[in-house]
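Observations on the model geometry
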Amino acid sequence: MSGGAGEGLGRRALLRAGALAGGGLFLALASCKREAKPEGAGAEGAAAPAPAAATEAAREGVEVNAFVVVHPDNSATIRVAKSEMGQAVRTTLALMVAEELDLDWGRARVEQAPLDAKRFGDQGTGGSASVRGAWTTLREAGAKARALLVAAAAEKLGAPAEGLKTEASHVVDPASGRRVPYAELALLVGKQKAPASAPVKDPNDFKLLGREHANVDAPAIARGAARYGLDVRKPRMLFASIERAPVPGAKVASFRADAALAVRGVKKVVEVPAQGPDVNVPSGVAVVADSTWAAMQGRKKLAIEWAASPHASEASAPHLAEMERATSAAGRELVNRLGDPDGELAKARAVVRARYEVPFIAHATMEPMNFTAEVRGDKCLLTGPTQNPEWAAKSVAKALGLAPENVSVEVTLLGGGFGRRLNPDYVVEAALVAKQLDAPVQVVWTREDDLRHDFYRPPALHVIEASLDAKGYPHAWRHRLSTAAISATIDPEAKEFGLQESTGASTMLYRVPHRSCEYTHAPIGTKRGWWRGVHTTHTVFAVESFLDELAEKAGKDPYEYRLALIDELKVDRPKPNKDFPWSPDRLKAVLKTAAEKAGWGKALPPGRGAGIACGIDHLSYAAQVVEVSTAGGALRVDRVVCAVDCGRVLNPNGARAQIEGGIVQALSAALKEKISVNGGRVEQSNFDDYPVARINEAPAVIEVHFVNTDLRPSGLGEPSVPPLAPALANAIYRATGKRHRSLPIAARPA
Amino acid sequence: MFEVTINGKRHRLDVDGDMPLLWALRDVVGLTGAKFGCGKALCGACTVHLEGAAVRACVLPVSAVAGKSVTTIEGLSADGTHPVQRAWVEENVAQCGYCQAGQIMSAASLLARKADPSDDDIDAAMAGNLCRCGTYVRIRKAVRRAAELTKGGAGR
């Protein structure tokens, strides 16, 4: 689903694009008395879990299909079945339905769909795939709903359906001038046969998509009324805090429940049994209390003794040494090869060699992990922030020995996701605690828990060697990469990782007649996961930094050098995505746009520098020019100009926000973020020893330019991340002469 | 037992005095607008006003606010029309939105002290509030817009 065929198999399986169940007819009887709620009401919808068959909206309106409920006052509720974590998916996907259905957007509200893959299709949210997938499925669901309403109107008006039009939640008969509100027609759609297919609009006819819209949740957020996982409140609900094994694989040997139980408010102390690598729940002890604070205080008294773990001697330094060894010889996996790079490098008169290194980094979502679970007999009710309710439900069913259909999931707003909330560990853990109680329980992670039990972006070491031809362009290029593979975390039996882990390196579009990419997995017990952009967060850093180094050796401008080299990918694997094949022209176009808009090549005063980089991520193209100043040895990012080709832009305001946010988060990672392991334990604990970017470190200016906006939309959540680190390192080099090949770049880069 | 005025209403809190105000607000009073992010006054998600000034509720014991007046995001305005709240919506600041209640409370406190803050003033006052989605550029714009809304007499 991302970067063409280079996507991790694990995530692809978990986020598979299921056939959408939408378009079928689901009729609910109207109770016919609800007033339309004001704007932002959708956020409350997320906090009011109800069984799938009878959501709040359905009880008081007619379901035209799974995604649309029309209310008696002719307002509408649109159900969004993807998780909202800041990417404006509740706004953009709802707009897609409203567009095809010609809904009155001013009177539409958004409701979060509960887990029900049969009705809503794949609800996993990741891989920058929501809009890309919805472009066909959700628009068609909207078009089918429209067809039903038009058919009902045709019957009611005795007019041919072909002649009827729709606008602002009404069917209009231009011949007679009659207008029938959807609310009237919705009561009649039960008699209509659901169309097998319905034509979607020509994008040139869009009235809502492509225009400026505020986020549907913005008013509720500004009032403090938006509901996240930690805001879930249920009758008799208790709170839990869990002390987890500090070293992967360590198990609870003993603990003192009595001291914890003596703390005011503590109700119960229960053990959390470790679960297998498919979910990675660590061994732990949960303290359950009537407030979060009491649970946290009780936890401090547990005095847990941990049994030894085979991972207790692991540390970042020897792990790096292992990656050094791996990249100093042929890799265990040959990802791809063109020509004879080994032979050509062996006989080259000069070889340029560089080594690039990145550490583990954490997601550090602002809302720490949490979930609320209740076990009633053979049923489990789950409520909280997850990017993948289906994986969570299946994992909970397995851990608790329940039938999968007996596990329900209500998805709240997510206080950040970035890939962390794909993993279901924290959901399973909450269910394991709830199983031992007769009340709903909210398991609350502290920031320390969150930073120490993340699924981290893995550390990576890249060694690239190249020789240049007579004109200074690369003749041979050998890229050796080692990481702790992400997918090995959930599938320790997996044998092949290189194709996914090297996405962005093995798939680079630079023309080199002799090139290869080799990969070696360097195991460690510390868990790895998908961090916004995933593999390209380090592969693009290595490739785009090295390109700059080669351009300098060749005496060429780094922008011109790239433009001259971008070409078709000629390696035999991975295979391109059939709908979104790699396009050299699209990559060149973003590069050109970024350079032009930034005024690339203009003279900058001493102490300032500009760097450029580009990349393909999740099928979209991005190029950035970063301008820095280093007066007094303190780095300041003055300006980031970003050109993006994600095809058609459906929600421009939200799209710009994704680019801005990706740039700031990537800047944070490039400048500051590092997780280290010692004695098998993660050493960092909170924002004091794991600093992330603050407002005073954010770029003064971020400019966003979209190109190729007439093409089919691809993803946008992640593509702005990869070019930032190399463009920044390249800019710092221009400003100071110091080349940073290791992230994070220190606070004083000069 | 501690008596605290929260959003203009008196509450008697039967909790340990060392319970941070944040947990009393969220788990006892039932006001969940102030968020938990770090528990060590490092991220600002829990920012509320104590006698009008921005404080981090996650490290402020209930005993320290006895007899005092606390305002949370829910009490900043009756209907979301405080100039900072309006500016936040108009600039479409929020992405995930989790940190934004704290951001808004910090910005409101800044503007109450300084009606026309410079860019450096804004960065200095807002540097205690982390946003992992990276909305900082829009936060700067929204604080400036809120200052204009306030100046224009368009406040609540």
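Just so it is clear, the structure is predicted and the values come from calculations on it, not from any experiment. (Residues numbered from 1 in each chain as written. Chains lettered and ligands numbered in written order. Predicted model: local features only at pLDDT ≥ 70, side-chain atom pairs only at ≥ 80, totals over all residues.)

**As for the overall build of chain A**
When its secondary structure is counted, chain A shows 22 helices and 27 strands. Relative to the 2.2 N^0.38 estimate, which gives 27 Å for 750 residues, the radius of gyration of chain A is 27 Å and therefore close to what a compact globule would have. Its C-alpha atoms give chain A principal-axis dimensions of about 85 × 75 × 45 Å. By residue count, 62% of the 750 residues in chain A fall in the buried class. (Helix = DSSP H or I, 4+ residues; strand = E, 2+ residues; numbered from the N terminus. Rg over C-alpha atoms; globule rule 2.2 N^0.38 Å. Buried ≥ 20, exposed ≤ 12 C-beta atoms within 10 Å, placed from the backbone.)

**A word on the overall build of chain B**
For chain B, the count of helices and strands is 5 helices and 5 strands. Beginning at the N terminus, the succession of helices and strands in chain B can be written as β-β-α-β-β-β-α-α-α-α. By its C-alpha atoms, chain B is 45 × 30 × 25 Å across when sized along the principal axes. Sorting the 156 residues of chain B into buried and exposed places 63% on the buried side.

**A look at the environment of A:Asn686**
Residue position: A:Asn686 is located in the loop between strand E26 (681-682) and strand E27 (701-706). The exposure class assigned to A:Asn686 is buried, which follows from the 20 C-beta atoms found within 10 Å. Excluding its chain neighbours within four sequence positions, the residues that come into contact with A:Asn686 are A:Arg447, A:Glu448, A:Leu451, B:Cys38, B:Lys40 and B:Leu42. (Contact = placed C-beta atoms within 7 Å.)

**As for unusual backbone geometry**
Residue and element names in this part refer to chain A. Omega for the peptide link from Arg573 to Pro574 comes to 0°, which places this bond in the cis form. Among the structural elements, Pro574 can be located in the loop between helix H19 (558-565) and helix H20 (584-598). In this structure, the amide linkage connecting Leu743 to the following residue, Pro744, adopts the cis form with an omega of 0°. Looking at the secondary structure, you find Pro744 in the segment after helix H22 (724-736). At Ala88, a residue that is not glycine, the phi angle is positive and equals roughly 65°. Along the polypeptide, Ala88 turns up in the loop between strand E3 (76-80) and helix H4 (89-101). Of the residues examined, Ala88 has 32 C-beta atoms within 10 Å and is grouped as buried.

**Concerning the nonpolar core**
Residues and elements named next belong to chain A. Grouped together as the largest cluster of nonpolar side chains are 283 residues, with contacts concentrated most on Leu149, Ala240 and Ala431. No other element matches the 14 residues that helix H6 (residues 130-157) contributes to this core. In this structure Leu149 touches Val64, Val171, Tyr182, Leu185, Ala186 and Val189, once residues within four positions along its chain are discounted. (Core = buried A, V, L, I, M, F, W, Y, C linked by C-beta atoms within 7 Å.)

**So, the confidence of the model for chain B**
Within chain B, residue pLDDT values average 96, and 97% of them lie at 70 or more. The ipTM for the predicted assembly is 0.98, set against a pTM of 0.93. (pLDDT = per-residue confidence, 0-100.)

**Observations concerning the interface of chain A and chain B**
Frequently, the measure chosen for interface size is the accessible area that the parts lose on association. Every contact between the two is made by 49 residues of chain A and, on the other side, 45 residues of chain B. Mapped by element, the contributors of at least two residues to the side of chain A that touches chain B are helix H8 (218-223), helix H10 (292-299) and helix H21 (652-671) of chain A. Broken down by element, the residue count for the side of chain A that touches chain B peaks at 7 residues, all from H21(A). By residue class, the composition of the side of chain A that touches chain B is 25 nonpolar, 14 polar and 10 charged. (Nonpolar A, V, L, I, M, F, W, Y, C, P; charged D, E, K, R; others polar.)

**Some remarks on the environment of A:Ala274**
Residue and element names in this part refer to chain A. If you trace the backbone, Ala274 turns up in the loop between strand E10 (266-272) and strand E11 (284-289). Given 19 C-beta atoms within 10 Å, Ala274 falls into the partly exposed group. Distance in space between the C-alpha atoms of Ala274 and Ala134 is 37 Å, their sequence separation being 140 residues. Not counting residues up to four positions away in its chain, the partners in contact with Ala274 are Lys251, Val281, Pro282 and Ser283.

**Some thoughts on the sheet that holds strand E1 (residues 2-6) of chain B**
All names here are of chain B. Reading across the sheet, the 5 strands line up as E2-E1-E5-E3-E4 and stay open at both edges, with mixed pairing between neighbours. The open sheet has two free edges, formed respectively by strand E2 (9-13) and strand E4 (53-56), since each of these has just one partner strand. With direction set aside, neighbouring strand axes in the sheet form an average angle of 40°. Pairing analysis gives 5 bridges linking E1 to E2, with the strands arranged antiparallel. Looking at the pairing, Ile6 lines up with Lys9 of E2. Of the strands in this sheet, strand E3 (47-50) and E4 touch helix H3 (residues 100-113), which is tilted by about 35° from E3. (Pairing = 2+ DSSP bridges. Axes fitted to C-alpha atoms, helices over the stretch in contact; angles between N-to-C directions.)

**Brief notes about the packing of helix H18 (residues 536-554) of chain A against H19(A)**
All names here are of chain A. Orientation of H18 relative to H19, taken along the N-to-C sense of each, is 105°, at an axis distance of 9 Å. With respect to each other, H18 and H19 are oriented roughly perpendicular. Residues Leu547, Asp548, Ala551 and Ala554 of H18 touch H19, and the partners they reach there are Pro558, Tyr561 and Arg562. A per-class count over the contact of H18 with H19 returns 5 nonpolar, no polar and 2 charged. (Parallel < 35°, antiparallel > 145°, perpendicular 65-115°, else oblique.)

**Overview of helix H5 (residues 136-151) of chain B**
What sets the pattern is the α-helix's 3.6 residues per turn: residues three or four places apart point alike. When the terminal C-alpha atoms of H5(B) are compared, their 23 Å separation across 16 residues agrees well with the 22 Å that a helix rising 1.5 Å per residue should span. Those residues of H5(B) lying buried are B:Tyr136, B:Val137, B:Arg138, B:Ile139, B:Arg140, B:Ala142, B:Val143, B:Ala146, B:Ala147, B:Leu149 and B:Thr150. Where H5(B) is buried, its residues touch H21 and E27 of chain A together with helix H2 (83-90), H3 and helix H4 (119-126) of chain B. (Expected span 1.5 Å × (residues − 1).)

**Here's the deal with H4(B)**
Restricting attention to buried positions, one finds in H4(B) the residues B:Ile122, B:Asp123, B:Ala125 and B:Met126. Considering only its buried residues, H4(B) is in contact with H3 and H5 of chain B.

**Remarks on the pairing of strand E1 (residues 62-65) of chain A**
Residues and elements named next belong to chain A. Bridge count for E1 against strand E2 (residues 68-70) is 3 bridges, and the pairing is antiparallel. Bridging across to E2, Glu63 finds its partner in Val69. Counting the residues between successive antiparallel strands, the hairpin from E1 to E2 contains 2 residues.

**Considering the environment of A:Leu101**
All names here are of chain A. Of note, Leu101 is situated in helix H4. Classification of Leu101 as buried rests on a count of 29 C-beta atoms within 10 Å. Separated by 99 residues in the primary sequence, Leu101 and Val200 have C-alpha atoms spaced 9.5 Å apart. For Leu101, the contacting residues outside a window of four places in its chain are Val68, Gly142, Ala145 and Arg146.

**Observations concerning the sheet that holds strand E21 (residues 514-521) of chain A**
All names here are of chain A. With mixed pairing, the 5 strands of this open sheet are ordered in space as E13-E21-E20-E19-E14. What marks the edges here is a single partner per strand, and that holds for strand E13 (333-338) and strand E14 (352-358). In this sheet, adjacent strand axes meet at a mean angle of 10° when their direction is disregarded. Strand direction decides the pairing type here: E14 and strand E19 (residues 460-468), joined by 7 bridges, are antiparallel. Residue Ala354 lies in a different strand from E19, and its bridge partner there is Ile464. The strands that H18 touches are E14, E19 and strand E20 (474-483); relative to E14, the one it contacts most, it runs at about 150°.

**Considerations on the confidence of the model for chain A**
Counting all residues, the mean pLDDT for chain A is 92, and 92% of those residues have values of 70 or more. Below a pLDDT of 50 lies the segment residues 1-54 of chain A, which in the model reaches 156 contacts outside its immediate sequence neighbourhood of four places, other chains included.

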